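# Secondary and tertiary structure notes
Below, each chain spelled out in residue letters.
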Amino acid sequence: FFFQAEDGIRDPLWSRGLGDVYKRQRITYLCNAITRSSIFGLLYAKTLRISLAAKSLLGTGKIMNILHGDGKVVANSLYDFNLAWTVPLDIIVCLALLFIEIEWYTFMGAAIISFGIIIQRMVYSQYTKIRRKMYKYTDGRAKYLNEYLESIKIIKYNAWENPMYDNIKKARKKETSLQY
């Protein structure tokens, strides 16, 4: 690893402080991506074995939302497990080093950050409530899209593209109206 110095001279630098931490995070993200794709593959294989009665009971849109949501939750929980033990350790080490440098002012900064975390949690909880409402509309839109794709020959033969497109557009408008 060679990095360009300000004066144009290249020196080998094996450690760049926090840069090394962020390099290691790429490995964690890669593992998360591999896990997520494996889980989605397994869930997709499972959906191929669902009986027609179960498919008609739930509907394709609902099945796709469950598939996406469950796979995402499992993959993210593996990533969060790693953060559960590294983040507190990072915070303790950073606070100790800051305390050595700036003494008691460290705790004022920690209090401000804690206040920001509380506000962020409140905002995120509101976002989660809105997202749960959006799932209902996402199911409807996915249902329209699935009907459209399954019956594309009939739609093309009868020239029903515009009415079908309007239905999908209305469903998408309802879905996104909760975001803004």
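Conventions adopted
Residues numbered from 1 in each chain as written. Predicted model: local features only at pLDDT ≥ 70, side-chain atom pairs only at ≥ 80, totals over all residues. Heavy atoms only, no water. pLDDT = per-residue confidence, 0-100. Helix = DSSP H or I, 4+ residues; strand = E, 2+ residues; numbered from the N terminus. Contact = heavy atoms within 4.5 Å. Expected span 1.5 Å × (residues − 1). Buried < 20%, exposed > 50% of the residue type's maximum accessible area, 1.4 Å probe, protein only. Arc of directions from axis to C-beta.

### Here's the deal with the confidence of the model for the protein
- In the predicted model, the protein carries a mean pLDDT of 77, and the fraction of residues at 70 or more is 84%.
- Within the protein, the lowest mean pLDDT, 46, falls on strand β1 (residues 2–4), and the highest, 86, falls on helix α4 (residues 105–150).
- Under a pLDDT of 50 for its full length, residues 1–10 has, in the predicted model, 16 contacts with residues more than four places off or in other chains.

### Observations concerning helix α6 (residues 161–177)
- For α6, spanning 17 residues, the distance from its first C-alpha to its last is 24 Å, which sits close to the expected 24 Å at 1.5 Å a residue.
- Taken together, the buried positions of α6 are occupied by M164, I168, A171, E175 and T176. What you see down the axis of α6 is that its buried residues fit within an arc of 130°, all on one side. Facing away from the buried side of α6 by over 90 degrees, the exposed positions are N162, K170, K173 and K174.
- Taken together, the buried residues of α6 touch α4 and α5 (152–158).

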